Amino acid sequence: MAMILSRVSEYLKLHRRASVVDMAHGLDAAPDALKGMLTTLERKGRVRRLPTGTACGGGCGKCDPNSVELYEWVYEQTSE
């Protein structure tokens, strides 16, 4: 699981914000498996789930914003 957590982290660091469906396609992973990993990353303070209805920022308008689960990378590692 550690390897896939790092892949999810890298994906969100790169894209800053993504839906579970986009991550599933980009990482070739099942959405349900990703949700568990995203919960772990959220608990660790690395990502946050955005409120229902938040626009993804893609601008295509094809998705109902109320049906999309979006996550955003929020963790910035500081060097001590």
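Scope of this entry: the structure provided in the associated data block. (Residues numbered from 1 in each chain as written. Predicted model: local features only at pLDDT ≥ 70, side-chain atom pairs only at ≥ 80, totals over all residues. Heavy atoms only, no water.)

## Remarks on the nonpolar core
Right, on to step 1. Counting 18 residues, the largest nonpolar core has Val-8, Leu-12, Met-23, Leu-27, Leu-34, Leu-38 and Tyr-71 as the members making the most contacts within it.
Right, on to step 2. Listing elements by their share of this core, those giving two or more residues are helix H1 (2–15), helix H2 (20–27), helix H3 (31–43) and strand E3 (70–73).
Right, on to step 3. At 5 residues, H1 tops the list of elements feeding residues into this core.
Right, on to step 4. Residue contacts for Leu-34: discarding those within four places in its chain leaves Val-8, Val-20, Met-23, Ala-24, Leu-27 and Ala-29. (Core = buried A, V, L, I, M, F, W, Y, C linked by side-chain atoms within 4.5 Å. Buried < 20%, exposed > 50% of the residue type's maximum accessible area, 1.4 Å probe, protein only. Helix = DSSP H or I, 4+ residues; strand = E, 2+ residues; numbered from the N terminus. Contact = heavy atoms within 4.5 Å.)

## What about H3?
Right, on to step 1. For H3, with 13 residues, the first-to-last C-alpha span of 18 Å sits near the 18 Å given by 1.5 Å per residue.
Right, on to step 2. Turning to H3, its buried residues number three or more, namely Leu-34, Met-37, Leu-38, Thr-40 and Leu-41. All buried residues of H3 project into a common sector of 155° when viewed along the axis, lining one side. Residues Asp-32 and Arg-43 are exposed on H3 and point more than 90 degrees away from its buried face.
Right, on to step 3. Taken from the residues just after H3, Gly-45 is the one with a positive phi, measuring 80°. (Expected span 1.5 Å × (residues − 1). Arc of directions from axis to C-beta.)

## A word on the side chain of Glu-72
Right, on to step 1. Turning to its location among the elements, Glu-72 is positioned in strand E3.
Right, on to step 2. Only 3.2 Å separates the side chain of Glu-72 from the side chain of Arg-17, close enough to count as a polar contact.
Right, on to step 3. Every residue in contact with Glu-72, bar those within four places of it in the chain, is listed here: Arg-16, Arg-17, Arg-46, Val-47, Arg-48 and Leu-50. (Polar contact = N/O pair within 3.5 Å; in protein donor to acceptor, adjacent residues only side chain to side chain.)

## With respect to the pairing of E3
Right, on to step 1. Both faces of E3 are covered, namely the face carrying Leu-70 and Glu-72 and the face carrying Tyr-71 and Trp-73.
Right, on to step 2. By the bridge criterion, 3 bridges tie strand E2 (residues 47–49) to E3 in an arrangement that is antiparallel. Residue pairing across strands places Val-47 opposite Trp-73, the latter belonging to E3. (Pairing = 2+ DSSP bridges.)

## Digging into H2
Right, on to step 1. Every buried residue belonging to H2 is among Val-20, Met-23, Ala-24 and Leu-27, and all of these are buried. Buried positions in H2, seen along its axis, are confined to an arc of 105° and lie on one side of it.
Right, on to step 2. Looking one or two residues past H2, Asp-28 carries a phi angle of roughly 50°, positive in sign.

## Some points on the sheet that holds E2
For sheets, the rule is that strands pair by backbone hydrogen bonds, running either parallel or antiparallel.
Right, on to step 1. Sheet architecture is open: 3 strands sit in the order E1-E3-E2, paired in antiparallel fashion. Only two strands of the sheet have a single partner each, and these edge strands are strand E1 (17–19) and E2. Looking at each pair of strands side by side, their axes are set apart by 25° on average, direction ignored.
Right, on to step 2. Contacts between H2 and the sheet are confined to E1 and E3, with E1 contributing the most and set at about 90° to the helix.
Right, on to step 3. Across the sheet, H3 touches E2 and E3, and the angle it forms with E2 is around 115°. (Axes fitted to C-alpha atoms, helices over the stretch in contact; angles between N-to-C directions.)

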